[in-house]
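# Structural features, examined
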Amino acid sequence: MSELQDVLRAIEEAGARGERMALATIVAVRGSTYRREGARLLVPAEGAPIGTISGGCLEGDVCQIAEDVMRDGSTRLLHYDLTADDEAVWGWGLGCNGVVDVFVEPAERAVEMAGAIRRAVDERRELACVTVVEVPEGSGVAPGARMLVQPSGEAEGSLGAPDLDRRAVEVSRAALHDGRTGLTDLGDGVRAFVEALVPPIRLLVCGAGHDAIPLVRYGAEMGWRVEVLDDRPAFLTAERFPQAAAFVQAEPADAAAAAGVDRRTYAVVMSHNFLRDKDYLRSFLGSGVAYLGMLGPRARLDRLLAELAREGPAPHDRDLDVVHSPAGLDLGAEGAEEIAWAIVAEILSVRNGRAGGFLRDRGTAPIHDRVGGDPAVADVPAAGA
């Protein structure tokens, strides 16, 4: 989300200065690609571009087309087939082997919406953005028309026709429910990019010891919202954790209630104290967290669970599914910084539903899972440029 916020903020600032700019957004991918749907590149008339849509392969071509878009105010739906074995593809210096569709538009039209999206991201609110990318000739609907839709169905903006707006609300709510992003047909030949914007991971680090410092830093660098929880106020300081978004002072037994956890909360317990860890474990089990990482060997976790069962009630098996102990992927990590990276990697694997193995073992399968796929937000073919 940090890159998205950078792009949105740049759109607002350039818009306030009255500067011309073009926004390129990946709206569909198939096969192996460097970036997925929703990746953005902002090309200002003056200055360096902001964001990325590839590993450097497509940016040059897209920037050239962006100049035309800024000059004549048009929109373009570009189609890059990176699977072709010809001189044009090799001329891009591509390292991918997939298909990428990119929508390029004058970004001045998106200034107001950019502010609304950025505020939703900052406030950790779910929001769907619907952008028309292709229309039949004479339809009266303009490419680049946008709507913002909340999970409740409340909408801001219009695509230009009541029937399209109703359909946009329907597919947006489905996209938010399933966390899906992709192209969809709204009817009458109008295709739109429906993007489910959900808050970034919330990482709750429990225990403000020395080894928590790199974990907080790395989580923040990932664009996650990182909060530090401890019962010792002297350790909960911005000097110790400058990247922390918030501090929660609470006893371990009250951790989940005090922090207000939800399904996007990933908690890591690193107090290095058996009794504290037992209270943390009791607090988080059954709380709805997506992930609970516990430092220490598996034998230690077994002892903690045996203590909880003896004190009653015994933890339910379904509540133990989120527990990862020892926390982190099996990287042979040693020391606070390596262990922190192993934990960050494991959190990514859990969020993405992956086992965390070697990419080479995927064979010819795409590196990224398809973001679309819900019947309401289908991965449909995009038109050429």
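Here's a quick rundown of the structure. Everything numeric here is computed off the predicted structure, so don't read it as measured data. (Residues numbered from 1 in each chain as written. Predicted model: local features only at pLDDT ≥ 70, side-chain atom pairs only at ≥ 80, totals over all residues. Heavy atoms only, no water.)

## Some points on empty space enclosed by the protein
Quick reminder of the rule: Only protein atoms enter the 1 Å grid used here, on which a cavity is any set of points holding a 1.4 Å probe that cannot leave and a pocket is any open set flanked by protein within 12 Å on both sides along at least five of seven lines; residues with an atom within 4 Å of a point are listed as lining. Grid points are joined across faces, edges and corners, and a volume is the space filled by probe spheres set on the points. The secondary structure listing takes helices from DSSP runs of H or I that are at least 4 residues long and strands from runs of E that are at least 2 residues long, numbered from the N terminus.
Here the structure, examined in full by the defined rule, presents 2 cavities of 30 Å³ or more. The calculated volume of the largest cavity comes to roughly 130 Å³. Elements supplying a minimum of two residues to the lining of the largest cavity: helix 1 (2–16), strand 1 (21–32), strand 5 (97–106), helix 4 (111–122), strand 6 (127–134) and strand 10 (190–197). By residue number, the principal contributor to the lining of the largest cavity is helix 4, which donates 3 residues.

## Some points on the layout of surface pockets
The test is simple: Put simply, Ala, Val, Leu, Ile, Met, Phe, Trp, Tyr, Cys and Pro go in the nonpolar bin, Asp, Glu, Lys and Arg in the charged bin, and everything else, Gly too, in the polar bin.
Put simply, the second largest pocket is a space of about 180 Å³. Forming the walls of the second largest pocket are 14 residues, and the residues nearest its centre are P200, G223, W224, R225 and A245. For the lining of the second largest pocket, the elements supplying multiple residues, two or more each, are helix 4 and strand 12 (225–230). Considered class by class, the residues forming the lining of the second largest pocket number 8 nonpolar, 3 polar and 3 charged.

## Some remarks on the sheet that holds strand 12
Using the following cut-off: Any two strands with at least two DSSP bridges between them are considered paired.
Pairing is parallel in the open sheet, where 6 strands are placed in the order 13-12-11-14-15-16. Each edge of the open sheet carries a strand with a single partner, namely strand 13 (246–249) and strand 16 (323–324). Where strand 11 (residues 202–206) and strand 14 (residues 265–269) come together, 5 bridges link them in parallel fashion. Residue pairing for strand 14: R202 is matched across the bridge by T265.

## Examining the pairing of strand 15 (residues 291–294)
For the record, the criterion: Only protein chains enter the calculation, and the probe is 1.4 Å; a residue is then buried if its accessible area is under 20% of its type maximum, exposed if over 50%, and partly exposed in between. Think of it like this: strands point away, you trace from the first strand over the helix to the second, and a clockwise trace means the crossover is right-handed.
Residue alternation in strand 15 divides its side chains into two sets, Y291 and G293 and L292 and M294, and both sets are buried. In the classification by handedness, the crossover that spans strand 14, the intervening helix 8 (residues 274–284) and the parallel strand 15 is right-handed. The pairing of strand 15 with strand 16 spans 2 bridges and is classified as parallel. Opposite L292, over in strand 16, you have V323 as the bridge partner.

## Quick notes on unusual backbone geometry
The omega angle of the peptide bond from G312 to P313 is -10 degrees, so this bond is cis rather than trans. Tracing the sequence through the fold places P313 in the loop between helix 9 (298–311) and helix 10 (317–320). That bond from S325 to P326 is cis: its omega, 0 degrees, falls within 30 degrees of zero. One can find P326 in the loop between strand 16 and helix 11 (336–351). Positive phi outside glycine occurs at H272, with the angle close to 60 degrees. Within the secondary structure layout, H272 lies in the loop between strand 14 and helix 8. In this structure H272 comes out as exposed when scored by relative accessible area, which is 54%.

## Quick notes on the packing of helix 6 (residues 212–221) against helix 11
To describe two helices that pack against each other, one gives the angle between their axes and the distance between the axes. The following threshold applies: Orientation is described by lines fitted to C-alpha atoms, with helices fitted over the stretch in contact, and by angles between N-to-C directions that extend from 0 to 180 degrees. Here the word oblique covers every angle except those under 35 degrees (roughly parallel), over 145 (roughly antiparallel) and from 65 to 115 (roughly perpendicular). If you view the pair so one helix is near and one far, a crossing is left-handed when the near helix is turned anticlockwise from the far one by less than a right angle, and right-handed when it is turned clockwise. The contact rule is simple, with two residues in contact once any of their heavy atoms fall within 4.5 Å.
Between helix 6 and helix 11, whose axes approach to 8 Å, the crossing angle comes to 45 degrees. Overall, the two elements helix 6 and helix 11 adopt an arrangement that is oblique. Crossing angle aside, the handedness with which helix 6 passes helix 11 is right-handed. In this structure, helix 6 uses P214, L215, R217 and Y218 to contact helix 11, whose residues at the interface are A336, E337, A340, W341, I343 and V344.

## So, the sheet that holds strand 7 (residues 146–149)
The strand order 8-7-6-10-9 describes an open sheet built from 5 strands, whose pairing is antiparallel. Two strands in the sheet have a free side with no partner beyond their single neighbour: strand 8 (155–157) and strand 9 (182–187). Between one strand axis and the next, the sheet turns by 30 degrees as a mean value, whatever way the strands run. Alignment of strand 6 against strand 7, held across 4 bridges, turns out to be antiparallel. Bridging across to strand 7, C129 finds its partner in L148.

These results come straight from atomic positions and should not be treated as a statement about function.
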